[in-house]
Each structure stands twice: as C-alpha cells, then as structure tokens.
Amino acid sequence: MVREATANDLHGLLELYLHLHETRIPDDNDHLRDTWNQILNNPNHHVIVYEEDGKIVSSCNCLIVPNLTRNVRPFALVEYVVTHGEYRNRGYAGLCLSYAKELAIGCNCYKIMLVTGSKDPKTLHFYESCGYSSRDKTAFVQTL
C-alpha cells in the first residue's frame, strides 16, 4: 500500500535508508525526533512510503516549492527514491513516484523534478520510464 508516512514510520524509514546510501541508523535523540517532527509538520514536505506486510519497503520524498514565476505556480522536487534490496523490480518505487506526481498535480505544480546520484543505466532508464527526462535541465551539486 502506498501512502504518506506517519510519526510511527521513523524507524522503518531509517532502516530503509540503509538501502539508499546510509551506512548506519542515526542515534535516536532529540535532534532526530525534532527533525522528523519538522518534516511531518511541513505541509509542503511529503514522505511517501510503500508498505508491504507492515514493513516500509520503498519510499521517496516530494517537496512542493512555492514559486513566484510560471504564473505563481509551485514546482515539485523528488529526492531519496529507494527500495529495499529484497523488494526491487516489483513496481513499488513506481507507485511512490506516481503518488508524488498526483500530489504535484493536486498542488497545481507546473513541473516535477527528480534528482538522483545514480549513474546506473538501469536506474536512469527506470526514471525515464516513469516520465522523467534528463534532457531538460542540468543539475549541479555543491556539498556543504
């Protein structure tokens, strides 16, 4: 089932992120809980999860960004697309991305952008099959 994350999903989400690029689960402390609460209470920040048998197995984040251009229409940014290694190739990430697209449409976004650090042709082809194009924009990242 695809849905938005709830307060009780923190630990399951952190475990899933071990399949993204994390090497350990952060310490459970006030800073972690405060950050999670900020995310959950931000109406423009959507953590989308796919749950199977009570376990979060796929997810992405969708941020709705208010904007003063394009007739004052917002845009959406998708990040942190991840699926647990044992659950890949079942369409779960695609369902999460479809949910993000519907959120963006519902918020009257004029575009949705997806950012990935992957260079894997299979992953990039997957994003293209979901309707994303790498021809329209050039992304630059500066690590702080």
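Residues numbered from 1 in each chain as written. Predicted model: local features only at pLDDT ≥ 70, side-chain atom pairs only at ≥ 80, totals over all residues. Heavy atoms only, no water.

**Looking at the pattern of salt bridges**
What the rule picks out here adds up to 5 salt bridges. Measuring nitrogen to oxygen at the nearest pair gives 2.6 Å for the salt bridge that ties Arg3 to Asp9. Relative accessible area serves as the criterion here: at 8%, Asp9 is assigned to the buried category. Glu51 is the partner of Arg3 in a salt bridge, and the nearest nitrogen-oxygen pair spans 2.7 Å. Here Arg3, found in strand S1 (residues 2-4), pairs with Glu51, found in strand S2 (residues 45-52); they are 48 residues apart in sequence, far enough to count as distant. Assessed through its relative accessible area of 17%, Arg3 is described here as buried. (Salt bridge = Lys/Arg side-chain N within 4 Å of Asp/Glu carboxyl O. Buried < 20%, exposed > 50% of the residue type's maximum accessible area, 1.4 Å probe, protein only. Helix = DSSP H or I, 4+ residues; strand = E, 2+ residues; numbered from the N terminus.)

**Quick notes on the nonpolar core**
The biggest cluster of nonpolar side chains holds 21 residues, and the ones touching the most others in it are Ile48, Cys60, Cys62, Val78, Val81, Leu97 and Leu114. Going through the elements one at a time, S2, strand S3 (55-65), strand S4 (75-83) and helix H3 (92-106) are the ones with two or more residues in this core. At 7 residues, H3 tops the list of elements feeding residues into this core. Ignoring any residue separated from it by four or fewer positions in sequence, one finds Cys60 in contact with His46, Val47, Ile48, Val78, Glu79, Tyr80, Val81, Cys96, Leu97 and Ala100. (Core = buried A, V, L, I, M, F, W, Y, C linked by side-chain atoms within 4.5 Å. Contact = heavy atoms within 4.5 Å.)

**Some details on H3**
Between its first and last C-alpha atoms H3 spans 21 Å; for 15 residues at 1.5 Å apiece the expected length is 21 Å, and the two agree. Among all positions in H3, only Tyr92, Ala93, Gly94, Cys96, Leu97, Ala100, Leu103 and Ala104 are buried. Next to the buried residues of H3 lie S1, S2, S3, S4, strand S5 (112-114) and helix H4 (121-129). Just past H3, the residue Asn108 takes up positive phi, approximately 65°. (Expected span 1.5 Å × (residues − 1).)

**Structural notes on the environment of Gly91**
Assignment of secondary structure puts Gly91 in the loop between S4 and H3. A relative accessible area of 39% means that Gly91 is categorised as partly exposed. Placed 33 residues apart in sequence, Gly91 and Ser58 show a C-alpha to C-alpha distance of 9.5 Å.

**Looking at the packing of aromatic side chains**
Counting across every chain of the model gives 3 aromatic pairs. When the centroid spacing of 6.4 Å and the interplanar angle of 50° are considered together, the rings of Tyr17 and Tyr80 count as tilted. Residue Tyr17 is found in the loop between helix H1 (10-16) and helix H2 (30-41), and its partner Tyr80 is found in strand S4; the two are separated by 63 residues along the sequence. Looking at Tyr17, the relative accessible area reads 15%, which means it is buried. Taking 5.5 Å as the distance between ring centres and 50° as the angle between the ring planes, the aromatic pair formed by Phe126 and Tyr127 counts as tilted. Classification of Phe126 as partly exposed rests on a relative accessible area of 27%. (Phe/Tyr/Trp six-rings, centres within 6.5 Å; stacked < 30°, edge-to-face > 60°.)

**Some words on unusual backbone geometry**
In this structure, Asp53 takes a positive phi of about 50° despite not being glycine. Tracing the backbone through its elements, the reader meets Asp53 in the loop between S2 and S3. With a phi close to 65°, Asn108 is a non-glycine residue in the positive phi region. In this fold, Asn108 is placed in the loop between H3 and S5. Owing to a relative accessible area of 44%, Asn108 belongs among the partly exposed residues under this scheme.

**Thoughts on the sheet that holds S1**
Within the open sheet, the 5 strands sit side by side as S1-S2-S3-S4-S5. Their pairing is mixed. Strands with a single pairing partner mark the edges of an open sheet, and in this sheet they are S1 and S5. Within this sheet the neighbouring strands show an average axis-to-axis angle of 25°, counted without direction. Pairing of S1 with S2 involves 3 bridges; the strand directions are antiparallel. When the sheet's bridge partners are listed, Val2 is paired in S2 with Tyr50. (Pairing = 2+ DSSP bridges. Axes fitted to C-alpha atoms, helices over the stretch in contact; angles between N-to-C directions.)

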